[in-house]
Amino acid sequence: MQPSVNPKPREPGKLWIVFMAVCAFLMLYPLLFMFTTSFKSMNQIFASTLNPFSWPPTMANYDVVLEKFPFYQYLGNTLFISSIVTLGKLLTSLLAAFAFLYYDFRGKEKLFNAMLLTFFIPTTIIVMPNYLLMSKMSLLNNPWGVILPELADGMGIFLLRQTMRGIPKALLEASVLEGCTPFQILRKIILPLVKPSIFATSIFFFINSWNEYFWPLLILADRSNYTLPLALQMFISAEGGSEWGIAMAVAMFTTLPPLILYLLTQKFILSTFMQSGMKG
């Protein structure tokens, strides 16, 4: 008998590669257009609108943004809100995921499934109740009015709980026999083992909070409290007008931090989502 030979895996066809390249170009071109337009003068923009490359580049748009636009104030507002929301979501997600993993209580699976149902509730449905609640608490036009309704996240609980399920039960049982308290088990055993997933989840939370537009728009009225996405829209619609180069410079400042964070941590983020799927 001739030894069986494993067939080589089929390589993607050339047409499929071309199709994927076209899709990638269509998705990346707006970013390229934003980046190159931010270095163009108005004459260069109207002379070569669709041509992303123009010479010589100019830094005048960025000078206008930093000198006439309260960029650092809006940056500080965005960093404050995003950081507090990220820490709050991470803390509640960790504790809830640990509770679903470690404790056995009546209705645990039903409660977890009910939490999963929140994924399918449109954001617009909970906007009005949250807005009325913030109004009753006198938190309208206050950064804490943006922060408080976002301190828990079902997706974070799901991702961390699924990652924790990969920890051998024998390890947890041994720690209980050694007399460890639940807090010690969480701090000394679970946290070191799921540290990459915690890091990826926190980046996911931060990027979502940084890019949030609709909820801060409802809560924040004074321009001094605006986040960068709100300030960008205000500048484009009210102050920027047809100053495309300046508007693209503001957009670059708004886009770069979450984009850089994702590029640096995409391995952890993808690994976390893959683990959550395999442990389902």
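Residues numbered from 1 in each chain as written. Predicted model: local features only at pLDDT ≥ 70, side-chain atom pairs only at ≥ 80, totals over all residues. Heavy atoms only, no water.

**Considerations on the confidence of the model for the protein**
Right, so step 1: Averaged over the protein, the pLDDT score is 81; the fraction of residues at 70 or greater is 87%.
Right, so step 2: Summarising per-element confidence for the protein, the mean pLDDT is lowest in helix α13 (residues 228–240) (72) and highest in helix α7 (residues 143–147) (93). (pLDDT = per-residue confidence, 0-100. Helix = DSSP H or I, 4+ residues; strand = E, 2+ residues; numbered from the N terminus.)

**Description of the layout of surface pockets**
Right, so step 1: Computed from the structure, the largest pocket encloses a volume of approximately 750 Å³.
Right, so step 2: The wall of the largest pocket is formed by 23 residues, among which Lys89, Thr123, Ile126, Ala152 and Asp153 lie closest to the centre.
Right, so step 3: Broken down by secondary-structure element, the contributors of at least two residues to the lining of the largest pocket are α6 (123–136), α8 (154–164), α11 (195–210) and α12 (214–219).
Right, so step 4: The element that contributes the greatest number of residues to the lining of the largest pocket is α6, accounting for four residues.
Right, so step 5: Looking at the lining of the largest pocket residue by residue, the class counts come to 13 nonpolar, six polar and four charged.
Right, so step 6: Around the second largest pocket sit 19 residues that line it, and Phe100, Leu101, Tyr102, Lys108 and Lys169 are the ones nearest its centre.
Right, so step 7: Those elements that provide at least two residues to the lining of the second largest pocket are α4 (71–102), α5 (108–117), α8 and α9 (169–177).
Right, so step 8: By residue class, the composition of the lining of the second largest pocket is ten nonpolar, two polar and seven charged. (1 Å grid on protein atoms, 1.4 Å probe; cavity = no way out; pocket = protein on both sides within 12 Å on 5 of 7 lines; lining within 4 Å. Points joined across faces, edges and corners; volume = space filled by probe spheres on them. Nonpolar A, V, L, I, M, F, W, Y, C, P; charged D, E, K, R; others polar.)

**A few points about the packing of aromatic side chains**
Right, so step 1: Enumeration according to the criterion identifies 18 aromatic pairs in this entry.
Right, so step 2: With 5.5 Å between their ring centres and 25 degrees between their planes, Trp16 and Phe19 make a pair best called stacked. Highlighted residues: Trp16 and Phe19, both in helix α1 (residues 14–37), separated by three residues, approximately one helical turn.
Right, so step 3: Taking the relative accessible area as the measure of exposure, Trp16 reaches 48% and is therefore partly exposed.
Right, so step 4: Their ring planes at 40 degrees and their centres at 4.4 Å tell us that Phe71 and Phe253 sit as a pair that is tilted. One end of the pair, Phe71, is in helix α4; the other, Phe253, is in helix α14 (residues 244–278), and 182 residues separate them in sequence.
Right, so step 5: Aromatic ring contacts, followed pair by pair, group Phe35, Phe39, Tyr62, Phe71, Tyr72 and Phe253 into a single cluster.
Right, so step 6: Stacked on the ring of Phe112, the Lys or Arg Arg161 has its end atom at 4.0 Å from the ring centre. (Phe/Tyr/Trp six-rings, centres within 6.5 Å; stacked < 30°, edge-to-face > 60°. Buried < 20%, exposed > 50% of the residue type's maximum accessible area, 1.4 Å probe, protein only. Lys NZ or Arg CZ within 6 Å of the ring centre and 35° of its normal.)

**Points about the environment of Phe214**
Right, so step 1: Among the structural elements, Phe214 can be located in helix α12.
Right, so step 2: Overall, Phe214 belongs to the partly exposed group, its relative accessible area being 42%.
Right, so step 3: The sequence separation of Phe214 and Val127 amounts to 87 residues, and the corresponding C-alpha distance is 9.5 Å.

**With respect to the environment of Ser202**
Right, so step 1: Here Ser202 lies in helix α11.
Right, so step 2: Of the residues examined, Ser202 reaches a relative accessible area of 13% and is grouped as buried.
Right, so step 3: It is 9.5 Å that separates the C-alpha atoms of Ser202 and Ser83, two residues lying 119 residues apart in sequence.
Right, so step 4: Excluding residues within four positions of it along the chain, Ser202 makes contact with Thr86 and Leu90. (Contact = heavy atoms within 4.5 Å.)

**Points about the pattern of salt bridges**
Right, so step 1: Scanning all chains against the criterion turns up three salt bridges.
Right, so step 2: Its salt-bridge partner being Lys89, residue Asp153 comes within 3.5 Å of it at the nearest N-O pair. Taken as a pair, Asp153 in the loop between α7 and α8 and Lys89 in helix α4 lie far apart in primary sequence, 64 residues in all.
Right, so step 3: Residue Asp153 is classed as buried on the basis of its relative accessible area, which comes to 18%.
Right, so step 4: Notably, a salt bridge pairs Asp104 with Lys108, separated by 3.2 Å at the nearest N-O pair.
Right, so step 5: Take Asp104: its relative accessible area is 72%, and that puts it in the exposed class.
Right, so step 6: Lys108 sits in the buried class, given a relative accessible area of 13%. (Salt bridge = Lys/Arg side-chain N within 4 Å of Asp/Glu carboxyl O.)

**Examining the packing of α4 against α11**
Right, so step 1: Where α4 contacts α11, the axes come no closer than 8 Å and their chain directions differ by 140 degrees. Compared by their axis directions, α4 and α11 come out oblique. Both α4 and α11 take part in a crossing whose hand is right-handed. Seen from α4, the contacting residues are Leu75, Thr78, Leu79, Ile81, Ser82, Ser83, Val85, Thr86, Lys89, Leu90, Ser93 and Leu94; seen from α11, they are Ile198, Ser202, Phe205, Phe206, Ser209 and Trp210.
Right, so step 2: The class makeup of the residues in the contact of α4 with α11 is ten nonpolar, seven polar and one charged. (Axes fitted to C-alpha atoms, helices over the stretch in contact; angles between N-to-C directions. Parallel < 35°, antiparallel > 145°, perpendicular 65-115°, else oblique. Left-handed = near helix turned anticlockwise from the far one by under 90°.)

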